[in-house]
Amino acid sequence: MDNVFSGKWIAPKELRNNLHVKFIKRFSISDVESAKIRITADDYYKLCINSEYVGQGPAPSYSFALNFNEYDITNILKKGENKIEVSVYYQGLKNRVWQSGDGRVGMIADLYIDGRLCLVSDDSWQYCIDNSFIESNTVGYETAFLENRNMLLKCSELLTPDVINCDYGFKSEPFPALQVYSKRVEPKKMGNTHFYDFLQEYVCNIKIKALCDKAGKKIIIRCAEELDENGKLRFDMRCGVKYEEYCILDEGENIIEQFDYKAFRYLEIEAQNGIKIEAEIAVRHYPFKDYNFNTNNEKLNLVLNLCKNTVLLGAQEVFVDCPTREKGQYLGDVYISGFAHYYLTKDSRLLKKAIEDFASSIQYCSRFLSVAPCSYEQEIADYALLFSDLVYKYYTLTNDTKLLKEALPICEAINNYYSQFENSEGLLVNANKEWNLVDWPENSRDGYEFGAMHNVINAHYINSLLNEENIKRALKIDFKEKSSGLINAFNKAFFNAETGLYVDNPLSSHSAVHSNMLPLAFGICKEKSVANYLIERGMECSVFSSYFFLKALCVSGRKKDALAFITSEGKHGWLNMINEGATTLFEAWGKEEKWNTSLFHPWGAAPILIYFEDLENENII
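Residues numbered from 1 in each chain as written. Predicted model: local features only at pLDDT ≥ 70, side-chain atom pairs only at ≥ 80, totals over all residues. Heavy atoms only, no water.

A. Just helix α11 (residues 546–555), in detail. Along α11, 9 of the 10 residues are buried, which leaves the element largely enclosed by surrounding structure. Looking at α11, one finds that the buried residues are S546, Y547, F548, F549, L550, K551, A552, L553 and C554. Count one or two residues on from α11 and you reach G557, which has phi positive near 80°. (Buried < 20%, exposed > 50% of the residue type's maximum accessible area, 1.4 Å probe, protein only. Helix = DSSP H or I, 4+ residues; strand = E, 2+ residues; numbered from the N terminus.)

Dropping the structure here:
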């Protein structure tokens, strides 16, 4: 380990999936003028001092570059005896959330008082296992365990932790801790059932106080994004997540704080007779100061505020693609939500972390991954080829030359990898070892016809090379220019002069929207006929790809048309989501457009990018 921590890594002697451990340290102090604690854990921790919540983390990262947090606790410590409690969770599943399933568990901490190191994690601490969490089923793509509880099962006896000589590496600076705050609404009581409508969907934890007259009675907890046609919670949600859990209570007061987060609007608690219920949620997200858009266009305001709400709540410790089913950070999603978040907050730290996460995936598994940082290994060609665009665009906004230099070798490695599929003209053929997404879901591809050499993957490849060249120009690095030759070859292979459109592949006469919007958005072509075609066809693409559709119109000078699509009442539009009751962006244009549609998906925030990049200073709003 490096010199970020003076303490020792401590771990429980027991290891199993869905393990909840509480580390405890009591200590005494005199008067304090200033105090801070530096802490991290694997997989995740929640820190309380003197029974007061302090914070949680760390932000997901690989074990060789583990994130940590630092908190000012001056006002929490007291003269005399103090107590630190750190609840540490080891999930043990290989999914998109953390780098878990690797047998690594535990925590490390340093406490500074008046600038002096006065306490560290070591074998003087104690720990116990919280046995109330019962082994249960997972939800989503094995994203989380259901938190079924038995409050009759108490914590184990206090034990001495193991001190581990581990090989963790740490980031050089602490990462911002989540902003967490309580939200309460008055429930509607129907017999023994308490029904809560929080008026919009939140990413949050649930806290319940249950007063029970007899041990062994039960409550059932259900959450949902929407109600069904009978006004009941649709807790078996469209996105494939079933939020239904139970808790067996002890006699007296039971405090049930769910450890993992969920995303929902509606909460229902069904209790047996003799149980009194109070409940609230703890909303969580990356820190931000909220505001509302207030342009002269009311429809645009509705759309922008829907996007804003989703982006800011969807920014957790990574840019989650969906806070219910995957809870992971996908590069394609970051390309949209990451820049939207930057435009909204002017805080580049979370976006910078995302770029570093994807770059680090090569060190993790010797391959560039499209979802990171986590133990689930997935490669998507389209997303990998967006990395250099992500990096260069970030640089143009932040002037972060250091990150630009660090990311360049990754950009080169990606392009060098795909160069093996080049034909004599430099175009990619059979570059399908990694998933060629084109768009998702499949019914959003506008009938796109794949082929051994197809349009979309080559457009992405040229865009990736263009941005690698832009990076080298910015760093004043000499290079042999390659992109112009590929652009000529691309236009020769895919442009149909008779129709004035691009085809999906050289053997096809089909011209999907995707085959035309990408060349225009990436600067590969400037044909007016292509922009006219896009306007005529409309957004026959996914919510994610709508950014490239709108950008294609803007770069061709059709900004009024781009605005018209953003504020359209049509089926493929953001107002359609609002008309279907959206308080956060849907994964698809409507609830029925995808068989497992998430109703919280920040990848649909294209209007935020287009507004700040192309429309804000125009006189067309």
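B. Focus on helix α10 (residues 528–537). If you check which residues of α10 are buried, you get V530, A531, Y533 and L534. Projection of α10 onto a plane perpendicular to its axis shows the buried side chains occupying an angular sector of 160°, all on one side. Looking at α10, the residues exposed on the side facing more than 90 degrees away from the buried face are K528 and E536. Those residues of α10 that are buried lie in contact with β24 (501–502), α9 (513–521), α11 and α12 (559–566). The positive-phi residue at the C-terminal boundary of α10 is G538, with phi of around 85°. (Arc of directions from axis to C-beta. Contact = heavy atoms within 4.5 Å.)

C. Spatial organisation of the environment of D162. Tracing the backbone shows D162 in strand β14 (residues 162–164). A relative accessible area of 27% means that D162 is categorised as partly exposed. Between the C-alpha atom of D162 and that of D122, which follows or precedes it by 40 residues, the distance is 8.5 Å. A polar contact is formed between the side chain of D162 and the side chain of K13, at a distance of 2.7 Å. (Polar contact = N/O pair within 3.5 Å; in protein donor to acceptor, adjacent residues only side chain to side chain.)

D. Inspection of empty space enclosed by the protein at higher detail. Using the criterion set out here, one finds 6 cavities of 30 Å³ or more in the structure. The computed volume of the largest cavity comes to approximately 140 Å³. Surrounding the largest cavity, 13 residues form its lining, V97, W98, Y261, R284 and E317 being those nearest its centre. Of the residues belonging to the lining of the largest cavity, the class tally is 8 nonpolar, 1 polar and 4 charged. (1 Å grid on protein atoms, 1.4 Å probe; cavity = no way out; pocket = protein on both sides within 12 Å on 5 of 7 lines; lining within 4 Å. Points joined across faces, edges and corners; volume = space filled by probe spheres on them. Nonpolar A, V, L, I, M, F, W, Y, C, P; charged D, E, K, R; others polar.)

E. Just the layout of surface pockets, in detail. What the largest pocket holds in volume is close to 1,100 Å³. Per-element tally for the lining of the largest pocket: the top contributor is strand β20 (residues 252–257), with 5 residues. Taken together, the residues of the lining of the largest pocket break down into 16 nonpolar, 9 polar and 12 charged. Its volume calculated, the second largest pocket comes out at about 440 Å³. The wall of the second largest pocket is formed by 18 residues, among which K171, S172, E173, K352 and E356 lie closest to the centre. For the lining of the second largest pocket, the secondary structure elements donating two or more residues are α3 (349–365) and α6 (401–419). Broken down by element, the residue count for the lining of the second largest pocket peaks at 4 residues, all from α3. Residue composition of the lining of the second largest pocket, by class: 6 nonpolar, 3 polar and 9 charged.

F. Just the sheet that holds strand β7 (residues 80–90), in detail. Overall, antiparallel pairing links the 5 strands, which are arranged β5-β4-β7-β2-β10 in an open sheet. Two strands lie at the open edges of the sheet, namely β5 (52–57) and β10 (126–129), each paired on one side alone. When strand polarity is set aside, the average angle formed by the axes of neighbouring strands in this sheet is 20°. As paired elements, strand β4 (residues 44–49) and β5 share 5 bridges and run antiparallel to each other. Looking at the pairing, I49 lines up with E52 of β5. (Pairing = 2+ DSSP bridges. Axes fitted to C-alpha atoms, helices over the stretch in contact; angles between N-to-C directions.)

G. Up close: the nonpolar core. Within the largest apolar cluster, 122 residues are counted, with the highest numbers of intra-cluster contacts made by F387, Y418, F549, L550 and W574. Residue contributions to this core peak at 9 residues, all from helix α2 (residues 331–345). Not counting residues up to four positions away in its chain, the partners in contact with F387 are L331, I355, F358, A359, F368, A407, I410, C411 and I414. (Core = buried A, V, L, I, M, F, W, Y, C linked by side-chain atoms within 4.5 Å.)

H. Representation of the packing of helix α1 (residues 298–314) against helix α14 (residues 606–615) in the model. Closest axis-to-axis distance for the α1/α14 pair is 8 Å, and the angle between their directions is 115°. For the crossing formed where α1 meets α14, the hand is left-handed. Counted together, L300, V303, L304, C307 and K308 of α1 and P607, I608 and Y611 of α14 form the full contact between these two elements. (Left-handed = near helix turned anticlockwise from the far one by under 90°.)

I. Summary view of the packing of aromatic side chains. Across all of its chains, the model carries 43 aromatic pairs by this definition. A centroid spacing of 5.9 Å and a plane angle of 75° characterise the contact between F522 and F548, whose relative ring orientation is edge-to-face. A residue pair is termed long-range when its members are at least 10 positions apart, and F522 in the loop between α9 and α10 and F548 in helix α11 qualify at 26 residues. For the pair F522 and F548, a shared accessibility class is recorded, and that class is buried. (Phe/Tyr/Trp six-rings, centres within 6.5 Å; stacked < 30°, edge-to-face > 60°.)

J. Broad picture of the pairing of β7. When strand β2 (residues 19–29) meets β7, the two strands line up antiparallel, connected through 11 bridges. Paired with V21 across the strands is V88, a residue of β7.

K. Looking closely at the pattern of salt bridges. One pass over the full model with this rule turns up 44 salt bridges. Of the charged contacts in the structure, one is a salt bridge between K83 and E85, with a shortest N-O distance of 3.7 Å. (Salt bridge = Lys/Arg side-chain N within 4 Å of Asp/Glu carboxyl O.)

L. Just the environment of P607, in detail. As for its placement among the helices and strands, P607 is situated in helix α14. Sequence separation between P607 and A384 is 223 residues; the distance between their C-alpha atoms is 23 Å. Ignoring anything within four residues of it in the chain, the contact list for P607 reads V303, L304, C307, I566 and W574.

M. Expanded view of the packing of α9 against α10. Their axes nearest at 10 Å, the elements α9 and α10 cross at an angle of 135°. Overall, the two elements α9 and α10 adopt an arrangement that is oblique. The element α9 and its partner α10 pack so that their crossing is left-handed. On α10, the residues that touch V513, N516, M517 and L520 of α9 are V530, A531, Y533, L534 and R537. Classifying every residue of the contact of α9 with α10 by side-chain character gives 7 nonpolar, 1 polar and 1 charged. (Parallel < 35°, antiparallel > 145°, perpendicular 65-115°, else oblique.)

In short, geometric facts, not functional conclusions.
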